Amino acid sequence: METKPQALRVAEPTDAEPSPKRGLVPVLLAGQAMASMDTSIVTVAAPDIRTDLHASGGALQLIVTGYVLAFAVTLVICARLGDRYGHGVMFRRGLVAFMLTSAACGAAPSAAALAVFRVVQGVSAALMVPQVLSVIQLGFRGRALARAIGWYSMVLALGVAAGQVAGGVLVAADLFGTGWRPIFWVNVVVGSAVSAVAGRVLPARPGNRTGGMDPIGALLLAVAMTGLVVPLAVGREHGWPLWTWCSLSAGGVLVIAFTGWERRVTARGGTPLLDLRVLSRPAVRPGLAACWLVMGCYSAVAFVLTLHLQSGLGFSPLRAGVTFLPYTFGFAAVGLTWSRMPTHVRALLPVGGPVAFAVAFSALAASAASAASHHHWPTVLAPPLLAVAGAGHAAGFSPLLARVTESAGPGPASAVSALANTGSLLASVLAVAGLGGVYLTFAGPAFTTSAEGLARVAWCVVGLLALGAVCAARSTRARP
C-alpha cells in the first residue's frame, strides 16, 4: 500500500534547545551573500577589466572562472575545518580573508595579479560559506530553523542575480573614476560592518580535534573536483576539445575512488573528510538531489535569459538584472512564509514547486520566443511568470533543505552543508555549461535571439524539474 506524503515536521522550540544570539542570521547571510554575488559580479565588469588591464582572452577567462574553480575545489575541505576548529572561528577567519583578498583584487595592477587574487578569494569564500549552514543547523530548531533556512535559501539562490545587478550599478557609477574596482572594494565595506558584529553573535563552540584531517581523502577530492569543474567552466568557449572529456572522465572516476576511500576510513573507525553515512538516511539523499536539480535549473534559466536579454535584445546589464526582480519577489513570498502555512500545504510544496517552476518558465520561453523575431520582450506576461517561477523555486528548495537538515540532525552538520553547497555549485556549473550551450548553438556566433534555442532549453528544464519533483516526493514520503 502506497504511503501518503508526510508533512514536513516542524517542531516547536523547547527550553533545552540552543538560543542563538540576536543578529546571528543577518551576520551569516551577509557573508553568504558576498560570496554568492562574487560568482557573477565580475562577469558584468569583464569588458572594462579587459580594457583597463589589457587582459588577454585567457587571462580574462581565469579572472571570471578562477573564483568559482577554487571555491568548488576547496569547499568540502573547508567544511571539515569548521568541525575541527569551530564553525564560528572558521567563519570569522574566512570573512577576514575574503575582505583582504577582495581589497587585493580591487587594487590589482595587472591581469595576472587579478587572476591570482581571484583564486585566493575563492578559497577564502570556501572557508566562510560552509560554516553558514552548519551554524544554522546546530543553532536553531523547529520553526526558527525553518525561518533561517528560508532566508538562507533566498540568499543562496538569488545571490548570482544580485551580483549582476550590483555589478551593473557599480560599473555604471564609475565611483571617483575607479571604473570596475569598486565591485571588489564593496566587500571590504560590507565585511567590516559584519566583522564588527560577528564576534559578539557567532557561537563560541570549540571544534573537535580528536580526529585527523584525512589527507588522502582531501587530495582525492581536490583533484576530482578540479577535473570536473575546469572543463565545465571553460569547455564550451574552447569548443569542448578532447582534454575536456578526458578530464571529466578522470574526475568522475576519482569521485568514485573518493567515496570508496571515505567509506573505508569510516569502517575502520577513522575520521573521514566527508561523512557519507548521512546519505543513508531515507529523506536525505533524494532531498539533496531535488535541491541540486532545482538550483541547476535556476542557474541555467538565469544564464539563458540574461543572454537573451543582453545579447539578443540589447538590454543593459542593469536593465537585465532588474528584469529578474519579480522572480526575487516570488521567491521571497514563499521562501519566508512556507513554515507558517497549513500542514497539508507544506506537504505539497516540495513536489508542486518544481512543477510550477517548469510551467512558468515554459510559458515565459514560449512568449519570449514568439516575440524574438520582432526583438521584443513580453513585458506584460514576463513579470507574473517570473514571479510564479520564483515561488516554485522556493517551494521546491527551502522546505526540502529544512527537511534534509532536520532528518540528518545536528551531528553531521558539516557533511550536510558540504553536500548541499558543493552539489548546488556543481549542478549550477553543469547546467550553465549544458543548457547554456544548447541556447548558444541556436543563437550562433552573433548571439542573436533564438526561439528554437529557448524552446529546447525549456524542454530540458521541464524534464529536469520533473525528475526533481520525483526526488522530492521520495524525500517527503520517507521517514525522517
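About the criteria used
Residues numbered from 1 in each chain as written. Predicted model: local features only at pLDDT ≥ 70, side-chain atom pairs only at ≥ 80, totals over all residues. Heavy atoms only, no water. Axes fitted to C-alpha atoms, helices over the stretch in contact; angles between N-to-C directions. Helix = DSSP H or I, 4+ residues; strand = E, 2+ residues; numbered from the N terminus. Parallel < 35°, antiparallel > 145°, perpendicular 65-115°, else oblique. Left-handed = near helix turned anticlockwise from the far one by under 90°. Contact = heavy atoms within 4.5 Å. Nonpolar A, V, L, I, M, F, W, Y, C, P; charged D, E, K, R; others polar. 1 Å grid on protein atoms, 1.4 Å probe; cavity = no way out; pocket = protein on both sides within 12 Å on 5 of 7 lines; lining within 4 Å. Points joined across faces, edges and corners; volume = space filled by probe spheres on them. Buried < 20%, exposed > 50% of the residue type's maximum accessible area, 1.4 Å probe, protein only. Salt bridge = Lys/Arg side-chain N within 4 Å of Asp/Glu carboxyl O.

## What about the packing of helix H10 (residues 284–312) against helix H16 (residues 451–477)?
The N-to-C vectors of H10 and H16 enclose an angle of 160°; their axes lie 8 Å apart at closest approach. Judged by the inter-axis angle, H10 sits roughly antiparallel to H16. Relative to H16, the crossing made by H10 is left-handed. Together, Pro 286, Gly 287, Ala 289, Ala 290, Leu 293, Val 294, Cys 297, Val 301, Val 304, Leu 305 and His 308 of H10 and Leu 454, Val 457, Val 461, Leu 464, Leu 465, Leu 467, Gly 468, Cys 471, Ala 472, Arg 474 and Ser 475 of H16 make up the contact between the two elements. Looking at side-chain class alone, the contact of H10 with H16 contains 17 nonpolar, 4 polar and 1 charged residues.

## Brief notes about empty space enclosed by the protein
Gaps left between atoms show up when a probe the size of a water molecule is rolled over them. As enumerated under the stated definition, the model contains 1 cavity of 30 Å³ or more in all. Considering only enclosed or pocket space, the largest cavity measures out at about 30 Å³ in volume. If you trace the largest cavity, you find it lined by Leu 156, Leu 288, Cys 291, Trp 292, Phe 397, Leu 401, Ala 420 and Ser 424. Secondary structure elements with two or more residues in the lining of the largest cavity: H10, helix H14 (382–408) and helix H15 (413–443).

## Details of unusual backbone geometry
One non-glycine residue, His 54, adopts positive backbone phi at about 50°. Tracing the chain through its elements places His 54 in the loop between helix H2 (41–53) and helix H3 (57–85). A relative accessible area of 72% means that His 54 is categorised as exposed. Of note, the phi angle at Phe 176 is positive, near 55°, even though the residue is not glycine. Mapped onto the elements of the fold, Phe 176 is located in the loop between helix H6 (142–173) and helix H7 (182–201).

## Let's talk about the pattern of salt bridges
All told, the structure shown has 3 salt bridges when counted by the stated rule. Taking the shortest distance from any N to any O, the salt bridge between Asp 38 and Arg 118 comes out at 3.9 Å. Remark: Arg 118 occurs in helix H5 (residues 111–139) and Asp 38 occurs in the loop between helix H1 (24–37) and H2; sequence separation between them is 80 residues. Residue classification places Asp 38 among the buried positions, given a relative accessible area of 1%. Classification of Arg 118 as buried rests on a relative accessible area of 0%. Linking Arg 277 and Asp 275 is a salt bridge whose minimum nitrogen-to-oxygen distance equals 2.8 Å.

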